[in-house]
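# Examining the three-dimensional arrangement
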There are 2 protein chains.
Amino acid sequence: MTSTPPVTLDDVRDAAARLKGVAHRTPVLRSRTLDARVGAEVFLKCENLQRVGAFKFRGAYNAVSRLAPEQLAKGIASFSSGNHAQAVALAARELGSSAVIVMPEDTPRSKREAAEGYGAEIVTYDRYTGDRVAIGQALAAERGLALIPPYEHPHVIAGQGTAALELMEEVGELDLLLAPVGGGGLIAGSATAVKGLSEGIRVVGVEPEAGDDTKRSLAAGHRVTIPVPRTIADGQAAEIPGELTFSVNRRLVDDIALVSEDDIRKAMRFAFERLKTVVEPSGATALAAALAGRLDEVPPRIGIILSGGNIDARRFAELCGG
Amino acid sequence: MTSTPPVTLDDVRDAAARLKGVAHRTPVLRSRTLDARVGAEVFLKCENLQRVGAFKFRGAYNAVSRLAPEQLAKGIASFSSGNHAQAVALAARELGSSAVIVMPEDTPRSKREAAEGYGAEIVTYDRYTGDRVAIGQALAAERGLALIPPYEHPHVIAGQGTAALELMEEVGELDLLLAPVGGGGLIAGSATAVKGLSEGIRVVGVEPEAGDDTKRSLAAGHRVTIPVPRTIADGQAAEIPGELTFSVNRRLVDDIALVSEDDIRKAMRFAFERLKTVVEPSGATALAAALAGRLDEVPPRIGIILSGGNIDARRFAELCGG
């Protein structure tokens, strides 16, 4: 029995059309040093240079842009550990709406300030005890807001897939695509895009060792809950894959690679010293998997999504200065 | 009485032709946040993304590429506090030659290792007591090497001017160009290029407060020696302007702005957090002058050269992590 997938290549293409002239078409970075280290031609899609500093703007804008004018007038609610918050805030502002974001208390300062800078109202909760989905849903119901979650939404997933779409449009065929996995929206959208374009490509997601919920879930064949991950990759601290994203990922994702906290720090340092570019921990995990030899096979042409660059200098110094 | 200038716009154009396909045509970065902070349209020429991580590759390659085959077979000597060393090392390797570099003992680790990585031989000396020019000249004489100094050379100056040439080709007319001043090669080449292209443009060099030898020299009308500057901007620690570069700069540079050590650190942090790009202290001074309000006037369109990005994560953490 087959069913229609919740997101298709056409949905990603529709999202790309909506994002044209609004999101940045981010550059693809090459490095001879990196190629030599990995033993492959590596193409880095720089979503750390996307608006709001992360791929999240793609999905948020795509979803918000599809709301009816009356809903835009009422406003939007969301919940996020950081980058999706900024993304929804900016998308709301760009489309003449307003946003209320439910955010963990321990969110990095730079991410909170950035969301506020785009005009969002912030409501905080304790990440280790509160339920952000319930809080977000209650808030949306009370105030009549449209809830745009960080990944459990087909328009969000389709938007996230546009980065990988652009990458393949620019560099052509790839043997392997690596992308970080948090809730699973980026990898679901990316896999939808690249497997729609190319039959032979492998898609491997990357999780921090402490946050291996998707790896465990794929192995089990159903969604598995893990303890709240404590990892420097704060954008990948999911306890359980999304229901919608997992339904896509179990079909399209070939494997999950795991990286250690030290692998992540080394990849951030490599990006800083060799590529002169800033990636946050969650944004560096896919690069980390390639640099630290965490892949089962290293094919000739590898695309990697550097998914975000929102980290303040002080935090970078704590993580990578030693 | 007028005399032929040592470097002309045509020389810069010749250098650009030699560099085509060898040096990167580096990107020009824009930032809404930066424009708002400065109160102008600001165009950042990203020479931190140039090969070897600094504009220096342009001048070194231009100069080395003009040597006779017999000289290339004998080899090249140079002296440098860092980025010119890497630049000469790589230019030599690319052109089938070899390089010996005289380098201060306190050169940042990353710069020394990078030059060695390109196959250069390193000879060290004490920056506070030794005379690098004399050491370099003696070495060149002994071994029959061609000496390519970091700025006192018309082909080096012409090569450095190609970054500003590219910038104006890409963005059109500018009212003001800001570039860091160390020995004066970058600003001399840049001023030659942009004043050749546009009559109205102002050219302002930027020095760290402790290394204001060019500012003092322009005020005095002759080259003034200052004590060895102690500044985090290690690429701008010149005690006296070059003779050749000063002869160009006294004619073409309109003013020198000074920046504090704290201005430099703040600009590096701004580049990191807002632009997601890595600039070393010397590479950040021109941006620092604009961000810290060190300019006498702020015209509508400003070009800024981010001249280099060679700093290791540990040093960045020391400078910007607090």
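Residues numbered from 1 in each chain as written. Chains lettered and ligands numbered in written order. Predicted model: local features only at pLDDT ≥ 70, side-chain atom pairs only at ≥ 80, totals over all residues. Heavy atoms only, no water.

Another aspect to go through is the sheet that holds strand S7 (residues 176-180) of chain B. Residue and element names in this part refer to chain B. In spatial order, the strands read S1-S2-S10-S7-S8-S9; together these six strands make up an open sheet with mixed pairing. Of all the strands in the sheet, just strand S1 (28-29) and strand S9 (255-259) have a single pairing partner and so form its edges. Looking at chain direction, strand S8 (residues 202-208) and S9 are connected through five bridges and run parallel. Bridged to Pro208 within S9 is Val259. (Pairing = 2+ DSSP bridges. Helix = DSSP H or I, 4+ residues; strand = E, 2+ residues; numbered from the N terminus.)

We now examine the domain arrangement of chain A. It is common to give the size of an interface as the accessible area that goes away when the parts come together. Residues and elements named next belong to chain A. Looking at chain A, the domain boundaries give domain 1 (9-54 + 153-320) and domain 2 (57-147). Its C-alpha centre places domain 1 at a distance of 23 Å from the equivalent point of domain 2. Residue-level contacts link 33 residues of domain 1 with 21 residues of domain 2. For the pair domain 1 and domain 2, the summed buried area comes to about 2,300 Å², and 50% of that belongs to carbon and sulfur atoms. Remark: the boundary between domain 1 and domain 2 carries three salt bridges. Residue Arg58 is joined to Glu166 by a salt bridge in which the shortest nitrogen-to-oxygen separation is 3.0 Å. Run the count over domain 1 and domain 2 and you get ten residue pairs in polar contact (both at pLDDT 80 or more). Tallying contributions element by element places helix H8 (residues 154-160) first for the side of domain 1 that touches domain 2, with five residues. Taken together, the residues of the side of domain 1 that touches domain 2 break down into 13 nonpolar, ten polar and ten charged. (Domains from an automatic or database assignment. Contact = heavy atoms within 4.5 Å. Buried area = accessible area lost by both parts, 1.4 Å probe. Salt bridge = Lys/Arg side-chain N within 4 Å of Asp/Glu carboxyl O. Polar contact = N/O pair within 3.5 Å; in protein donor to acceptor, adjacent residues only side chain to side chain. Nonpolar A, V, L, I, M, F, W, Y, C, P; charged D, E, K, R; others polar.)

On to helix H3 (residues 56-65) of chain B, then. Of all the ten residues making up H3(B), ten are buried; the element is thus mostly covered by neighbouring parts of the structure. Taken as a whole, H3(B) has its buried residues at B:Lys56, B:Phe57, B:Arg58, B:Gly59, B:Ala60, B:Tyr61, B:Asn62, B:Ala63, B:Val64 and B:Ser65. (Buried < 20%, exposed > 50% of the residue type's maximum accessible area, 1.4 Å probe, protein only.)

All names here are of chain A. Burial runs high along strand S8 (residues 202-208): six of the seven residues are buried. Across five bridges, strand S7 (residues 176-180) lies against S8 in parallel orientation. Following the sheet pairing, Leu176 is matched in S8 by Arg202.

Right, let's talk about the environment of A:Val206 for a bit. Residues and elements named next belong to chain A. By the element assignment, Val206 lies in strand S8. Residue classification places Val206 among the buried residues on the basis of a relative accessible area of 0%. As a C-alpha pair, Val206 and Thr285 span 79 residues in sequence and 6.3 Å in three-dimensional space. Among residues more than four places away in sequence, those in contact with Val206 are Leu178, Ala179, Pro180, Val181, Gln236, Ala257, Val259, Thr285, Ala286 and Ala289.

Looking now at the interface of chain A and chain B. Each partner contributes to the interface: chain A provides 24 residues, whereas chain B provides 24 residues. For the chain A and chain B pair, buried surface summed over both sides reaches about 1,800 Å², with 60% attributable to carbon and sulfur atoms. Looking at the side of chain A facing chain B, the largest losses of area belong to A:Phe272, A:Lys276 and A:Ala313, adding up to 36% of the total buried there. Our count for the chain A to chain B interface comes out at zero salt bridges. Here chain A is connected to chain B by ten residue pairs in polar contact (both at pLDDT 80 or more). Going through the elements one at a time, helix H13 (261-275) and helix H15 (313-320) of chain A are the ones with two or more residues in the side of chain A that touches chain B. The element that contributes the greatest number of residues to the side of chain A that touches chain B is H15(A), accounting for five residues. Within the side of chain A that touches chain B, the residues separate by chemical class into nine nonpolar, seven polar and eight charged.

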